[in-house]
2 protein chains.
Amino acid sequence: MEQISPQDITTMFLALAVLLGSAKLLGELAQSIGQPSVIGEITAGILLGPGILGGISPHFYAALFPTRGAFPTVLSVVSNLGVVFFLLTAGIEVDLSSVFRQAKNSLVISALGIVVPFAVGAAAAGIYPEFMGMEKGANAVIFALFVGVALSISALPVIAKILMDLSLLHSDVGTLILGCAMLTDLAGWILFSLVLGMMTTHSTNFSALKHTILLTTLFVAGALTLGRWLVNKILPVIQAHSTWPGGVLAFIFVLTLGAAGFTEHAGIHAVFGAFIAGIVIGESPHLRRKTRDHIHEVVTHVFAPFFFVSIGLQANFVKEFSLALLVPLLLVACVGKLLGVGLGGRLAGLDQRTSWLVAFAMNARGAMEIILGLLAIQTHLIQGRMFVALVLVALLTSLLAAPVVGRMVRSERAIHLRDSLSSKLFLPELHSRSSKEVIREMCEMASEAAGVPVDSLFPPVWYRERNSRTWLFNGTAVLQARAAGLDKPLVVAGLQKRGVHFGSRDEDSARLVLLIVSGDTRSQIQLLRDAGRIFRRRETVEKALDATNFVEFAAAINAPADEQEAAA
Amino acid sequence: MEQISPQDITTMFLALAVLLGSAKLLGELAQSIGQPSVIGEITAGILLGPGILGGISPHFYAALFPTRGAFPTVLSVVSNLGVVFFLLTAGIEVDLSSVFRQAKNSLVISALGIVVPFAVGAAAAGIYPEFMGMEKGANAVIFALFVGVALSISALPVIAKILMDLSLLHSDVGTLILGCAMLTDLAGWILFSLVLGMMTTHSTNFSALKHTILLTTLFVAGALTLGRWLVNKILPVIQAHSTWPGGVLAFIFVLTLGAAGFTEHAGIHAVFGAFIAGIVIGESPHLRRKTRDHIHEVVTHVFAPFFFVSIGLQANFVKEFSLALLVPLLLVACVGKLLGVGLGGRLAGLDQRTSWLVAFAMNARGAMEIILGLLAIQTHLIQGRMFVALVLVALLTSLLAAPVVGRMVRSERAIHLRDSLSSKLFLPELHSRSSKEVIREMCEMASEAAGVPVDSLFPPVWYRERNSRTWLFNGTAVLQARAAGLDKPLVVAGLQKRGVHFGSRDEDSARLVLLIVSGDTRSQIQLLRDAGRIFRRRETVEKALDATNFVEFAAAINAPADEQEAAA
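A short tour of the structure in this document, coming up.

Basis of the calculations
Residues numbered from 1 in each chain as written. Chains lettered and ligands numbered in written order. Predicted model: local features only at pLDDT ≥ 70, side-chain atom pairs only at ≥ 80, totals over all residues. Heavy atoms only, no water. Pairing = 2+ DSSP bridges. Helix = DSSP H or I, 4+ residues; strand = E, 2+ residues; numbered from the N terminus. Contact = heavy atoms within 4.5 Å. Axes fitted to C-alpha atoms, helices over the stretch in contact; angles between N-to-C directions. Least-squares fit on C-alpha atoms with pLDDT ≥ 70 in both. Buried < 20%, exposed > 50% of the residue type's maximum accessible area, 1.4 Å probe, protein only. Buried area = accessible area lost by both parts, 1.4 Å probe. Polar contact = N/O pair within 3.5 Å; in protein donor to acceptor, adjacent residues only side chain to side chain. Nonpolar A, V, L, I, M, F, W, Y, C, P; charged D, E, K, R; others polar. Salt bridge = Lys/Arg side-chain N within 4 Å of Asp/Glu carboxyl O. Patch = residues over 30% accessible without salt bridge, like charges linked within 9 Å, V, L, I, M, F, W, Y side chains within 5 Å. Areas by Shrake-Rupley, 256 points an atom, 1.4 Å probe, with all protein chains shown as cover. Phe/Tyr/Trp six-rings, centres within 6.5 Å; stacked < 30°, edge-to-face > 60°. Expected span 1.5 Å × (residues − 1). Parallel < 35°, antiparallel > 145°, perpendicular 65-115°, else oblique. Left-handed = near helix turned anticlockwise from the far one by under 90°.

## Notes on the sheet that holds strand E5 (residues 510–518) of chain B
Residues and elements named next belong to chain B. Spatially, five strands are ordered E1-E4-E5-E3-E2 in an open sheet, and the strand pairing comes out mixed. Strands with a single pairing partner mark the edges of an open sheet, and in this sheet they are strand E1 (426–427) and strand E2 (471–473). Bridge count between strand E3 (residues 476–482) and E5: seven bridges; the pairing is parallel. Of the residues in E5, the one forming a bridge with Ala-481 is Val-517. Set on the sheet, helix H22 (residues 521–535) makes contact with E2, E3, strand E4 (490–500) and E5; between it and E5 the angle comes to about 160 degrees.

## Structural notes on the relation of the copies chain A and chain B
To go from the first copy of the chain to the second, apply a rotation about an axis and then a shift along the same axis. In screw terms, the move from chain A to chain B is a rotation of 180 degrees and a rise of 0.1 Å along the axis, fitting with an RMSD of 0.1 Å. Taken together, the turn and the small shift mark the pair as related by a two-fold rotation axis. Identified as the residue of chain A closest to the rotation axis by C-alpha distance is His-294 of chain A, at 2.5 Å.

## Looking at the environment of Ile-52 of chain A
Residue and element names in this part refer to chain A. As for its placement among the helices and strands, Ile-52 is situated in the loop between helix H2 (37–48) and helix H3 (53–56). What makes Ile-52 partly exposed here is its relative accessible area of 29%. Residues Ile-52 and Arg-292, spaced 240 residues apart in sequence, show a C-alpha to C-alpha distance of 38 Å. If near-sequence neighbours (up to four positions away) are discounted, Ile-52 is found in contact with Ile-46, Leu-47 and Val-318.

## A short note on the interface of chain A and chain B
Accessible area lost during the coming together of the parts is what is often quoted as the interface size. Each partner contributes to the interface: chain A provides 69 residues, whereas chain B provides 69 residues. With both sides pooled, the region where chain A packs onto chain B buries about 5800 Å², and carbon together with sulfur makes up 70% of that total. On the surface where chain A and chain B come into contact, there are one residue pair in polar contact (both at pLDDT 80 or more). If you list the elements that add at least two residues to the side of chain A that touches chain B, you get helix H1 (6–32), helix H5 (71–93), helix H12 (246–266), helix H14 (289–311), helix H17 (367–378) and helix H23 (538–545) of chain A. Tallied by class, the residues present in the side of chain A that touches chain B amount to 35 nonpolar, 20 polar and 14 charged.

## Details of helix H16 (residues 352–362) of chain B
All names here are of chain B. Taken across its eleven residues, H16 has eight buried, putting it largely inside the fold. What H16 keeps buried is the set Thr-354, Ser-355, Leu-357, Val-358, Ala-359, Phe-360, Ala-361 and Met-362. Sitting at the amino-terminal end of H16 is Asp-351, which places a side-chain oxygen 3.1 Å from the backbone nitrogen of Arg-353.

## As for the sheet that holds strand E5 (residues 510–518) of chain A
Residues and elements named next belong to chain A. Ordered in space as E1-E4-E5-E3-E2, the five strands form an open sheet in which the pairing is mixed. What marks the edges here is a single partner per strand, and that holds for strand E1 (426–427) and strand E2 (471–473). Note that E2 and strand E3 (residues 476–482) share three bridges and pair antiparallel. Residue pairing across strands places Trp-471 opposite Val-478, the latter belonging to E3. Strands in contact with helix H22 (residues 521–535) are E2, E3, strand E4 (490–500) and E5; relative to E5, the strand with the most contacts, it is inclined by about 160 degrees. Across the sheet, H23 lies against E3, E4 and E5, angled at about 95 degrees from E5, the strand it touches most.

## Considering the pairing of E3 of chain B
Within E3 of chain B, six of the seven residues are buried, which leaves the element mostly enclosed by the surrounding structure. In sequence, E2 of chain B turns back onto E3 of chain B through a hairpin of two residues, with Asn-474 of chain B there showing a positive phi of about 50 degrees.

## Regarding the pattern of salt bridges
All names here are of chain B. Per the counting criterion, the structure on display carries four salt bridges over all chains. The closest approach of N and O atoms between Glu-283 and Arg-228, which form a salt bridge, is 3.7 Å. Of this pair, Glu-283 sits in helix H13 (residues 270–283) while Arg-228 sits in helix H11 (residues 209–241); the two residues are 55 residues apart in sequence, bridging distant segments of the chain. Between Glu-542 and Arg-511 there is a salt bridge; the shortest N-O distance is 3.6 Å. Of this pair, Glu-542 sits in helix H23 (residues 538–546) while Arg-511 sits in strand E5, and the two are 31 residues apart along the sequence.

## Considerations on a nonpolar patch on the surface
Judged by side-chain polarity, Leu-226, Trp-229, Leu-230 and Ile-234 of chain A come together as a nonpolar surface patch covering roughly 390 Å² of accessible area. If you trace the backbone, Ile-234 of chain A turns up in helix H11 (residues 209–241).

## A word on the packing of aromatic side chains
Here the structure, examined in full by the defined rule, presents 25 aromatic pairs over all chains. Seen from their ring centres, Phe-65 of chain B and Phe-71 of chain B are 5.9 Å apart, and the 35 degrees between their planes marks the pair as tilted. Residues Phe-65 of chain B and Phe-71 of chain B agree in their burial class; the two are buried. An aromatic cluster of three or more residues is present, and its members are Phe-85, Phe-253 and Phe-303 of chain A together with Phe-85, Phe-253 and Phe-303 of chain B.

## Structural notes on helix H2 (residues 37–48) of chain B
Residues and elements named next belong to chain B. Relative to the 16 Å expected for twelve residues at 1.5 Å per residue, H2 spans 17 Å between its end C-alpha atoms, a close match to the ideal helical length. A large share of H2 lies buried, amounting to ten of its twelve residues. Turning to H2, its buried residues number three or more, namely Ser-37, Val-38, Ile-39, Gly-40, Glu-41, Ile-42, Ala-44, Gly-45, Ile-46 and Leu-48.

## Concerning the packing of H12 of chain A against H14 of chain A
Between two packed helices, both the angle of their axes relative to each other and the distance between the axes serve to describe the pair. Residues and elements named next belong to chain A. Two elements in contact, H12 and H14, have axes separated by 10 Å at closest approach and are oriented at 55 degrees. Regarding the angle of H12 to H14, the classification is oblique. Judged by the sense of rotation from one axis to the other, the crossing of H12 with H14 is right-handed. Residue-level contacts link Val-248, Leu-249, Ile-252 and Phe-253 of H12 to Thr-291, His-294, Ile-295 and Val-299 of H14. Considered class by class, the residues forming the contact of H12 with H14 number six nonpolar, two polar and no charged.

## Focus: the environment of Ile-39 of chain B
All names here are of chain B. Mapped onto the secondary structure, Ile-39 falls in helix H2. We classify Ile-39 as buried; its relative accessible area is 6%. Separated by 121 residues in sequence, Ile-39 and Ala-160 place their C-alpha atoms 13 Å apart. What Ile-39 contacts, discounting residues up to four positions off in sequence, is Leu-395, Ser-398 and Leu-399.

## Observations regarding the side chain of Ser-37 of chain A
Mapped onto the secondary structure, Ser-37 of chain A falls in helix H2. With residues up to four places along the chain from it excluded, the contact list for Ser-37 of chain A reads Gly-27, Ala-30, Gln-31, Lys-161 and Asp-165 of chain A.

Now the structure itself:
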């Protein structure tokens, strides 16, 4: 077997260093102006790409990112591993029970979220093909289908990253959005394979697709039933009989690589398998928080950026840029998606505000569109300028998504944690160290204050905890409960200086426990965000723990807001 | 830029899943029989290689690991990234101050550890070239030099892994071995480039090497002075102004990739740069334990196995196997290295036992030999059978190293923690929560009991702590001090239920603190191992913490030994 040359290895390491460094730098910059870091990472790629860096210094560009030798394959390998492992962590974060709880809504929203943009896109491309960038001699039907599919696929990785960056992943609306994105992607991938088959055979023969659809359905159904059961059986065995966390980490990565290989083989993209593998793994109550953290940190901060930054290297964003193509494509894309998802949201019974929030989040596009675009170039259906326009549509819709969603979440008069606390709901010394007893104690207090039966509060909170879903950080555990009809949210705060054991037995324990009870999505999200912001500071937690009465506790969390903002 | 085909992607994911899964499975098996996991990982590669799996089922082998298409490059990329990141974590674990403290010893040992095996190897190959596997028509001088270098290079990654697997990395002898391995490797790499230059030009012109030697020296000197200073300045800035630990993780990986690219460019292997980068990063007191853990876990359990397992795929270990070549090569390799290092150890003033321990550890060979072998094949200096013999020498010497070193460490009457504790040295309630005060308090007790001045105990322990070198796990902190002439080691144990802040400010704190004071290396190693074994169990720590007097404390750590063995 051949080794790559020392020259290739030098190039590989230096290029990867430049890519990762630039991606993180711009990612951090993006975050500092309130955008998700993924926007910065994609932008870094465009700046380093053939159009901009290649235009400024062609010699340096060619030396750094050679188009000959092993480098293109290296980049492809690293970016494929990056996106696959990123989808693994996104999958782990998905709370399947919440997705199922919202299954009806997700189905309605994603159905309309695919059909409408597909119809709008295909119609626009069918009626005005030249205007939408069709090349001479291409098959008009296939082109129209291509545009329809390209504009209807959502970007699961980008959406997941935006939700993570905005700390929305654990909220109900975050789960709804992720559920919709998952379903949209599933349908999108099947449509994608269909169009791909037509593009490569230059014909419209559907029979070859049966295979893909069958395998995909079997895979998803098998993974979520038998797969879940097996993982649940195997994880504790591995944790007991192998070095920890090494054995578990390897098991998770092997499973992910296998699932990715399978779905790629089945004709949908590898990332889909990795995502489903992540969900299955994340659902197991045996997965320990530390294992999850190790994967999450290294993947989101080192692997994922490689994928996002490498997009920009795929085309010349200066030479191939065409405003005349970008504007109509962007308009058609946004109109179709926003209308479809918004309508779906209303049909599913969401209020208007939440419908728009979901619609703008789902409007973000990304990887699949770009991969589809690359394949379309190879089969001469489109040319470089259409590819560049597609990437820019992906980037601009994603750019739009984060601030709009962020603003919607933040707008109106903010609800603060401190306003929802009260001396009646403060427990300076929790009686028990077991999570079950503590949850029951706090739910009982909340039930009295909210005037709802404790049986409607305790079971869902305890279910989350039993499935390792309690949000733990910095010695703080945040529990959430919903109480329909509650017009003002309330927060129970409890201290247990010896620590309450949440999660599996050898996890970090929490010394400060919060139970957020809310009647609506908005206040739940805001209180979660506020709790995260306040208790991210170790000093605040320490001060709060030293409190012996409510006044001291309130003072501890009431440190000057700008000081805490700066720390966050 | 070209994308690799969906077929290539499928192969890549499935092959990587098989490689990682097999490597970890055999790695765990190896560990369960007392071998370091790296032996299992290399063996897995040989089993999956063209000789064995390829012999049993050529069709399946060719489908899983195709030699055409993108797969060879994929494997090369993944294994290169694996070994580079592994050397990063090995570097992070190196405690430079201990290396410097033992610099004289390391220098003497590594000088003899290179010169003797080089001389023995080159002489054997010069006198009996056919016997040692030279091909017809090859340059006899170059061949002799090649064998000399191949047998004198130690395997830094393998040695680091063995030391990690045997929990010896933090002991003095572990540091000495790693220091020697580092120096041997540095010299080995320079010799390597020299022979490489001669192999590729088929001449013995030394002038081209000046460049490599100069760049390497500049790099090492610059990294350990200016580099350390810069990292120390930059790390806190990144930790303050970026998402944590994302920004730091990315910074570390960028630095590592850059250093790897630089040393590869300079003509020594990329792993050397990564190793030096790791040392520089690990030396910074600003590096937090969590960051270190995230890197360590994912790298040693997911990346490193890819490198070790991929070695076996590089040759046909059945067809190219030659016992007539393996036996003399192995003998020459072992005799040269053991004699050289052993002699060096004695000259440096080590006792005979420790000299042998260091010699057997340094006798482990690995990656560089194999890479040198691969390059020698490409330049027709040797053929497949010599390559296979070299890999087997690497494997067998490594196989020999772990049990011999492990047995030497374990043999004689074991020294147990419980025998070194006493009621006089038990502090049920430490006065302070600051690490400095606690360390002083414990050192004062130890100084009285051992009859040595406190000034000889406190400064080194406090220095280690200030440089984030205190060994922390499971809420237990283990401090070490040396007291020359102490014939029986003693252990001070202290409890602080509110936690003592070791490490940087937001680290996990320790509630149980041990100070091991020993007069010799052997008892220090054994007590460290015993402490690790006992307090690895969460239950033991909890029980020990509930102790209010020495009898209860002793009972807590005196749980049946076999029960604790099973847990360890």
